[in-house]
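A structural walkthrough
One-letter residues, chain by chain:
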Amino acid sequence: MNTLPDNLISRWLLILLLLVAVYFFHDFLIPVLGALIIGFASWPLYHRLHRLCGGRDLLAASLAVMTVLAVLVLPLSLAFSYAFGEIKGWVEWLIEVNREGAPMPAWLHSLPAIGSWLQPYWHQYVAEPHALSELVHLLSGEQLGNIYRWLLALGSRAFHLFLILVFMLITLFFVYKDGALLARQLDRVGESVLNAHWARFSRMVPATVSSTVTGMGLIALGEGVVLGIAYWIAGVPSPVALGVLTGLMALIPGGAPLSFTLVSLYLAGSGDTVAAVGLFVWGSVELFIVDKTIRPRLVGGPIKLPFLPTFFGLIGGVTTMGIVGLFVGPVLMALLVAIWREWLHSLSPGIQP
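Residues numbered from 1 in each chain as written. Predicted model: local features only at pLDDT ≥ 70, side-chain atom pairs only at ≥ 80, totals over all residues. Heavy atoms only, no water.

What follows concerns the overall build of the chain. If you tally the helices and strands in the chain, you get 14 helices and zero strands. The N-to-C order of helical and strand elements in the chain reads α-α-α-α-α-α-α-α-α-α-α-α-α-α. Relative to its 353 residues, the chain shows a buried fraction of 32%. Nonlocal contacts in the chain, meaning residues at least 24 apart in sequence, comprise 69% of its contacts between residues at least 6 apart. Surface exposure of the chain reaches about 21,700 Å², of which carbon and sulfur atoms provide 73%. (Helix = DSSP H or I, 4+ residues; strand = E, 2+ residues; numbered from the N terminus. Buried < 20%, exposed > 50% of the residue type's maximum accessible area, 1.4 Å probe, protein only. Contact = heavy atoms within 4.5 Å. Areas by Shrake-Rupley, 256 points an atom, 1.4 Å probe, with all protein chains shown as cover.)

Pasting the structure below:
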């Protein structure tokens, strides 16, 4: 009687155990993925810190996690918390407008070409009572009241979000502390499965994750902060929320210029022409500096995602994982592109994919 080889049985058992683990621990996947992404992106800096600490893993990992907490987690948490309050105020205003209706603002009506084009739509969907809810339902599939209740529910889940954050930081600590050991173990397993392909692929994956997070995350964060300060100086209402939204839009190619252009149009329509021109000029100069000097230095690695995979990664990531998906989605798309190019390279070694 023929039996399956032991190594094949072991591999299938390992795959089965991995699937069972994913099923039982899927609620922890988001903080684990977040910790892995931060760990990959900051590993070169951690390696320097590890040398400064004399090779002491525990001390270096502790200092690295405290640095991430002070530099990244706390400022982002405060910014999102403040922006959340401003966005909730927007929704409350929309609910009031939906209940009573509202005339078209003078600044919007005075915009060249755009104001006259928007006037009939404003009268149809905003000026009449309860007309706005039909537009919101048409665009999002949700009622305006449901969106407000969702925002309130999100605020009530602050403790749950805090626990996820704590779990991510704990995981990040062990990623730093045991990362080198884990990498050696993965190399042994990878070489037994992928043979010669593992050496190329295992070096491509960390570089891909690091370049994706660095190129998209840090630049988007910087543009959100710089343009948010510019909104505040220009006197735009809710500058924190608009700065956060600009940073999120900056993850998409062309999102940042669209954001500050719309805010500039709002200022121009409100009669503050000097602030509008100043904001637009400042945004254009800042974007030129970032694209010509900062972005080429930060964005490296073997994979540079084109627009379509980036867009799909963002939308799919946010839909399935929320805020963390803004980074997890593009990283997964970058890994898929890396695997595809490695496959092409293996088929035609002399041709660059």
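Time to look at the nonpolar core. Grouped together as the largest cluster of nonpolar side chains are 15 residues, with contacts concentrated most on Ile38, Tyr46, Val65, Val68, Leu172 and Tyr176. Among the elements of the structure, α2 (29-52), α3 (57-100) and α8 (158-194) are those that each provide at least two residues to this core. Among the elements that take part in this core, α3 stands out by supplying six residues, more than any other. With sequence-adjacent residues up to four places away left out, tyrosine 176 is seen in contact with Ile38, Gly39, Ser42, Trp43, Tyr46, Ala61, Ala64, Val65 and Val68. If you look at the next biggest cluster of nonpolar residues, it comprises twelve residues, including Leu227, Ala230, Tyr231 and Phe260. (Core = buried A, V, L, I, M, F, W, Y, C linked by side-chain atoms within 4.5 Å.)

So, about the packing of aromatic side chains. Overall, the coordinates contain four aromatic pairs when judged by the stated rule. Taken together, a centroid distance of 4.7 Å and an interplanar angle of 25° make the contact between tyrosine 46 and tyrosine 176 stacked. Taken together, the positions of tyrosine 46 in helix α2 and tyrosine 176 in helix α8 put the pair 130 residues apart, joining distant regions of the chain. Between the aromatic rings of phenylalanine 260 and phenylalanine 280, the centroid separation amounts to 5.9 Å while the plane-to-plane angle is 65°, which identifies the pairing as edge-to-face. One end of the pair, phenylalanine 260, is in helix α11 (residues 255-269); the other, phenylalanine 280, is in helix α12 (residues 273-298), and 20 residues separate them in sequence. Overall, phenylalanine 280 belongs to the partly exposed group, its relative accessible area being 39%. Three or more aromatic residues link up through ring pairs in this structure, and these residues are Trp43, Tyr46 and Tyr176. (Phe/Tyr/Trp six-rings, centres within 6.5 Å; stacked < 30°, edge-to-face > 60°.)

Next up on the list: unusual backbone geometry. A positive phi angle is found at serine 238, which is not glycine, with a value near 55°. Here serine 238 shows up in the loop between α9 (197-234) and α10 (239-249).

Orientation of α3 relative to α10, taken along the N-to-C sense of each, is 110°, at an axis distance of 8 Å. In terms of axis orientation, α3 runs roughly perpendicular to α10. Only Pro239, Val240, Ala241, Leu242, Val244 and Leu245 of α10 make contact with α3, whose side of the interface consists of Ala79, Phe80, Tyr82, Ala83, Glu86, Ile87 and Trp90. Partitioned by chemical class, the residues of the contact of α3 with α10 number twelve nonpolar, no polar and one charged. (Axes fitted to C-alpha atoms, helices over the stretch in contact; angles between N-to-C directions. Parallel < 35°, antiparallel > 145°, perpendicular 65-115°, else oblique. Nonpolar A, V, L, I, M, F, W, Y, C, P; charged D, E, K, R; others polar.)

Glancing now at α11. Under the 1.5 Å per step criterion, the end-to-end length of α11 is 21 Å for 15 residues, consistent within 8% with the ideal 21 Å. Those residues of α11 lying buried are Gly255, Ala256, Ser259, Phe260, Val263, Ser264, Leu267 and Gly269. Directly after α11, the chain includes glycine 271, whose backbone phi takes a positive value near 95°. (Expected span 1.5 Å × (residues − 1).)

Counting through the fold element by element, leucine 29 comes out in helix α2. Measuring from C-alpha to C-alpha, the distance between leucine 29 and methionine 168 comes to 9.6 Å, with 139 residues separating the pair along the chain.

A contiguous nonpolar patch, built from Leu13, Leu16, Val20, Tyr23, Phe24, Phe25 and Phe28 and spanning about 760 Å² of accessible area, is present on the exposed surface. Of note, phenylalanine 24 is situated in helix α1 (residues 6-24). Given a relative accessible area of 58%, phenylalanine 24 falls into the exposed group. (Patch = residues over 30% accessible without salt bridge, like charges linked within 9 Å, V, L, I, M, F, W, Y side chains within 5 Å. Salt bridge = Lys/Arg side-chain N within 4 Å of Asp/Glu carboxyl O.)

These figures capture arrangement, not role.
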